[in-house]
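Architecture and fold: a report
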Amino acid sequence: MGGHGHPYSPAELELPGFVPQRLSQGEILAPFLAASVLVVLAVWLISGRCGGRLSRTDRSLMCWWAFTGLTHVVLAGSFLSFAPDFFSKENPSYFHEFFKEYSKGDSRYAARDTVILALEVITIGFKGPASLLAVYAIASRKSYSYILQFAACLCQLYGCLVYFTTAYLAGFNFSASPFYFWAYFVGANSPWVVIPTLVATRSWKKISTAFRAEKMKTR
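Bear in mind the structure is a predicted one, so any value in this text is a computation, not a measurement.

A look at helix α6 (residues 178-187)
An α-helix turns once per 3.6 residues; consequently, residues spaced three or four apart project the same way. Looking at α6, one finds that the buried residues are Tyr180, Phe181, Tyr184 and Phe185. Down the axis, α6 shows its buried residues gathered within 115° of arc, on one side only. Exposed side chains of α6 directed beyond 90 degrees from the buried face belong to Pro178 and Trp182. Of the surrounding elements, those touching the buried residues of α6 are α1 (25-47), α3 (94-102) and α5 (145-169).

Some details on a nonpolar patch on the surface
Taken together, Leu70, Val74 and Leu132 make up a surface patch of nonpolar side chains, about 210 Å² in accessible area. With respect to the secondary-structure elements, Leu70 resides in helix α2 (residues 56-82). For Leu70, a relative accessible area of 36% puts it in the partly exposed group.

Thoughts on the UniProt feature "transmembrane region" (unreviewed entry) in the chain
UniProt's entry tags residues 28-50, 62-83, 115-139, 146-169 and 181-200 with the feature "transmembrane region" (unreviewed entry), counted in the numbering of this structure. The distance separating the terminal C-alpha atoms of residues 115-139 is 35 Å; by composition the span is 100% helix and 0% strand. In residues 146-169, the share of helix is 100% and the share of strand is 0%. The end C-alpha atoms are 34 Å apart.

Overview of the side chain of Thr123
Relative to the assigned elements, Thr123 resides in helix α4 (residues 114-140). Residue classification places Thr123 among the buried residues on the basis of a relative accessible area of 6%. Non-local contacts of Thr123, meaning those with residues more than four positions away in its chain, are made with His72, Ala76, Gly128 and Pro129.

A look at the pattern of salt bridges
Tallied over the entire structure, the rule returns five salt bridges. In this structure, Glu101 engages Lys104 in a salt bridge whose closest nitrogen and oxygen atoms are separated by 3.1 Å.

Details of unusual backbone geometry
The residue after Ser9, namely Pro10, is reached through a cis peptide bond having omega 0°. Its location among the elements puts Pro10 in the segment before α1. Its identity is not glycine, yet Arg112 carries a phi of approximately 55°, on the positive side. Looking at the secondary structure, you find Arg112 in the loop between α3 and α4. Look at Arg112 and you get partly exposed, because its relative accessible area is 28%. Even without being a glycine, Arg141 presents a positive backbone phi close to 55°.

Some points on the nonpolar core
With 25 residues, the main nonpolar core has Met62 and Trp65 as its most contacted residues. Among the elements of the structure, α2, α4, α5 and α7 (191-217) are those that each provide at least two residues to this core. Setting aside its immediate chain neighbours within four residues, Trp65 contacts Ser131, Leu132, Ala134, Val135, Ile138, Gln149, Ala152, Cys153, Gln156 and Val199. With 24 residues, the next largest nonpolar core counts Phe87, Phe98, Tyr109 and Phe185 among its residues.

Quick word on α3
Most of α3 sits inside the fold, with seven of its nine residues counted as buried. Those residues of α3 that fall on the buried side of the exposure criterion are His96, Glu97, Phe98, Phe99, Lys100, Glu101 and Tyr102. Contacts made by the buried residues of α3 are with α1, α2, α5 and α6.

So, the side chain of Asp58
Position of Asp58 relative to the elements: it lies in helix α2. Judged by relative accessible area, Asp58 falls into the buried class, the value being 12%. Once you skip the residues sitting within four places of it in the chain, Asp58 turns out to touch Ile138 and Arg202.

A look at the packing of α4 against α5
Interaxial distance between α4 and α5 falls to 9 Å at its minimum, and their mutual angle equals 155°. Between α4 and α5, the angle falls in the class roughly antiparallel. Between α4 and α5 lies a crossing of left-handed hand. Contacts between α4 and α5 pair Val115, Ile116, Leu119, Ile122, Phe126, Lys127, Ala130, Ser131, Leu133, Ala134, Ala137 and Ile138 from the former with Ser145, Leu148, Gln149, Ala151, Ala152, Cys155, Gln156, Gly159, Val162, Tyr163 and Thr166 from the latter.

Quick notes on the rules
- Residues numbered from 1 in each chain as written.
- Predicted model: local features only at pLDDT ≥ 70, side-chain atom pairs only at ≥ 80, totals over all residues.
- Heavy atoms only, no water.
- Buried < 20%, exposed > 50% of the residue type's maximum accessible area, 1.4 Å probe, protein only.
- Helix = DSSP H or I, 4+ residues; strand = E, 2+ residues; numbered from the N terminus.
- Arc of directions from axis to C-beta.
- Contact = heavy atoms within 4.5 Å.
- Patch = residues over 30% accessible without salt bridge, like charges linked within 9 Å, V, L, I, M, F, W, Y side chains within 5 Å.
- Areas by Shrake-Rupley, 256 points an atom, 1.4 Å probe, with all protein chains shown as cover.
- Salt bridge = Lys/Arg side-chain N within 4 Å of Asp/Glu carboxyl O.
- UniProt positions renumbered as here; feature names shortened; annotations may be inferred.
- Core = buried A, V, L, I, M, F, W, Y, C linked by side-chain atoms within 4.5 Å.
- Axes fitted to C-alpha atoms, helices over the stretch in contact; angles between N-to-C directions.
- Parallel < 35°, antiparallel > 145°, perpendicular 65-115°, else oblique.
- Left-handed = near helix turned anticlockwise from the far one by under 90°.

Okay, here's the thing in structure tokens:
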């Protein structure tokens, strides 16, 4: 524990009434990983039974959007519901413990930083619902599927840009150790940089191809 009775950085961070974490890292991460695998597996199996044969790429994208959508909705929703004092609960829920653990990689969550709160509001208000809608759009082959995916990817990338840039400007002073910096701050967030970049590029190409085909028809 730091000088202020908590394990976070910076050590002078004030967290009145902090209650030490009761669940171990494994007890926190195992349920999250297990639930994520179950979601991906369920969507993969269900997507194989969708009317009209979907490509492996489309099925994989459905798995991604379902995973990221539920992650956004459940985690952002739970964080916003107890953001003022999750670190001081005497009888913490799993989600209280989850954010205590994650705060070791980014203590701005424990500090209720306004940037983090704003990003989570955008997450629960747009990114989560848009991601889940993308699952339906792909399965139903909706005409807006690629535009929706492109917009959702841009929103995710913008959120990551703000998230990382604000931490950089503050001196990356929010991780309890190099391990938590690389495992949580960088590692846990990197999929929302790499995958949206790939999906946005694919969607852009699909949209451009559709416009070129339409242009050829009007000649």
